[in-house]
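Results of the structural survey
Listed below, chain by chain, are the residues.
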Amino acid sequence: MVTLCDVMSWQYLVPLIIVALICSPLIPNNKLRYYTCYIGFGTVMLLTAMFFLPLGIIRPRNLHNLTVGCKYLKHYTKILGIEWSLRGEDILKEDRGAVLVTNHQSVMDVMGMATVWDKLDKLSAICKKELLYYIPLGPLLWLGGLVFIDRLDPKSAFDKIEASVHQMLHQKAKLWICPEGTRNKQRKVLLPFKKGAFRVAICTQAPIIPIVYSPYYFIDLDNKTFSKGKVVLSALEPISTEGLTLDDVDSLTEKVYKLMSDEYEKLQTEIINYLQNDINTKLNLNRKDYIEVQPQIPAFWVSDLFVEKGDFSQ
């Protein structure tokens, strides 16, 4: 029989703490969830890395290593309260090498990557080199075939990415790059794109497949709240780079930015309409009873506008 003293011993206490951390996002308070979601996410990432690190050691630099891990990691999104929807899955599943370019809003983008990673057979990504020293996660990512670059050394970074794209094309794999270069915390519009990904795509003649994350309206950085919500990942039609030269880098960058910005705005409008309909249904209110939101307003503002009317995410 397990006594109180036994429970307080480290053999029981450590597992209990780990379980508590993993399940901490289940609490209903959205202000507390702002912290517990990140704590729980970090805990799960650490445990996943520890569990799958031996697999990476057995078969180093194998793109399938992370695919296996993502099959398990993606289920944690249910505890976080985020529902992911992938559009254009057929585009991503085509057996060909390509450069995937996406917008970047939060560390939670990793859960979206896990959703995509699980659908594809061979996928890698570009990471900042600092992540390599996050043990055991960094070594696992390296063993899984991710490419680490020094953002302060553009020439070295470009050479590494170009070599990786050539390898991905040979293996008919895809390389994930975030051309914004950093997290977009404001999320009103996409940040300006850096040109590295597009230079590499032209140099290797690799097709570009844009993927757009819808706004994270459920994460309020100013008020530090994290409610439940939905995210759409929309994969757009591939953009060919055949026949393009380095003289076309600017026009290609602008073209992809315009396509992704238009899709981002569409997803904003879609989310606003969803939230308006959801509030009407759950609170049984007429549109005249609350602040009317215009479609051009970024969707993540909607949670602020309606906070006094009730928690629409529950």
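Below is a short write-up of the structure. Since we're looking at a predicted model, the values are computed, not measured. (Residues numbered from 1 in each chain as written. Predicted model: local features only at pLDDT ≥ 70, side-chain atom pairs only at ≥ 80, totals over all residues. Heavy atoms only, no water.)

Here helix α9 (residues 154-171) spans 25 Å end to end across 18 residues, near enough to the 26 Å set by a 1.5 Å rise per residue. If you check which residues of α9 are buried, you get Ala-157, Phe-158, Ile-161, Ser-164, Val-165 and Met-168. End-on view of α9: buried residues confined to an arc of 135°, all on one side of the axis. Away from its buried face by more than 90 degrees, α9 exposes Lys-155 and His-170. Tucked into the core, α9 has its buried residues touching β2 (98-102), β3 (123-128), β4 (147-149), β5 (174-177) and α10 (196-204). Looking one or two places after α9, you find Lys-172, whose phi comes out positive at around 55°. (Helix = DSSP H or I, 4+ residues; strand = E, 2+ residues; numbered from the N terminus. Expected span 1.5 Å × (residues − 1). Buried < 20%, exposed > 50% of the residue type's maximum accessible area, 1.4 Å probe, protein only. Arc of directions from axis to C-beta. Contact = heavy atoms within 4.5 Å.)

Relative to the helices and strands, Thr-67 is located in helix α4 (residues 64-73). When its relative accessible area of 8% is taken as the criterion, Thr-67 is described as buried. Polar contacts involving the side chain of Thr-67 include one to the main-chain carbonyl oxygen of Leu-63, which spans 3.4 Å. Excluding anything up to four places from it in sequence, Thr-67 contacts Trp-117, Leu-120 and Asp-121. (Polar contact = N/O pair within 3.5 Å; in protein donor to acceptor, adjacent residues only side chain to side chain.)

Leu-92, Met-108 and Trp-176 are the most contacted members of the largest nonpolar core, which has 50 residues in total. At 7 residues, helix α3 (residues 30-58) tops the list of elements feeding residues into this core. Contacts of Leu-92, omitting those with residues within four sequence positions, involve Leu-86, Leu-100, Val-116, Leu-120, Lys-174, Ile-209, Ile-211 and Ala-235. (Core = buried A, V, L, I, M, F, W, Y, C linked by side-chain atoms within 4.5 Å.)

Now for the sheet that holds β2. If you walk across this open sheet you meet the 7 strands as β1-β9-β6-β2-β5-β3-β4, and the pairing is mixed. Strand pairing shows two members of the sheet lacking a second neighbour, β1 (82-87) and β4, which therefore form its edges. Across the sheet, the axes of successive neighbouring strands diverge by a mean angle of 20°, strand direction being ignored. Across 4 bridges, β2 lies against strand β6 (residues 208-213) in parallel orientation. Each residue of the ladder has a partner; that of Thr-102, found in β6, is Ile-211. (Pairing = 2+ DSSP bridges. Axes fitted to C-alpha atoms, helices over the stretch in contact; angles between N-to-C directions.)

This part covers the pairing of β3. The buried count for β3 comes to 5 of 6 residues, which makes it a mostly enclosed element. In this structure, β3 lies alongside β5, joined through 3 bridges in parallel fashion. Considered in β5, the bridge of Ser-124 is made with Leu-175. In this view, the connection linking β3 to its parallel neighbour β4 by way of helix α8 (residues 137-143) has right-handed handedness. (Right-handed = clockwise from strand over helix to strand, strands pointing away.)

Following the sequence through the fold, Ser-164 ends up in helix α9. Taking relative accessible area as the criterion, Ser-164 reaches 9% and is therefore assigned buried. When neighbours within four sequence positions are excluded, Ser-164 is seen to be in contact with Val-147 and Leu-175.

What follows is about the environment of Trp-142. By the secondary structure assignment, Trp-142 is in helix α8. With a relative accessible area of 40%, Trp-142 lands in the partly exposed category. As a C-alpha pair, Trp-142 and Gly-56 span 86 residues in sequence and 8.7 Å in three-dimensional space. Excluding its chain neighbours within four sequence positions, the residues that come into contact with Trp-142 are Arg-61, Leu-132 and Phe-148.

A cluster of basic residues, Lys-128, Arg-151, Arg-183, Lys-185 and Lys-194, forms a positive patch on the protein surface. Within the secondary structure, Arg-151 is located in the loop between β4 and α9. (Patch = residues over 30% accessible without salt bridge, like charges linked within 9 Å, V, L, I, M, F, W, Y side chains within 5 Å. Areas by Shrake-Rupley, 256 points an atom, 1.4 Å probe, with all protein chains shown as cover. Salt bridge = Lys/Arg side-chain N within 4 Å of Asp/Glu carboxyl O. Lys, Arg positive; Asp, Glu negative; His and termini not counted. Charge placed at Lys NZ, Arg CZ, Asp CG, Glu CD.)

What follows concerns the pairing of β6. Where burial is concerned, most of β6 is hidden: 6 out of the 6 residues are buried. Burial of the side chains of β6 extends over both faces: Ile-208, Pro-210 and Val-212 are buried on one face and Ile-209, Ile-211 and Tyr-213 on the other. Pairing of β6 with strand β9 (residues 229-235) involves 3 bridges; the strand directions are antiparallel. The residue bridging Tyr-213 from the neighbouring strand is Leu-233, located in β9.

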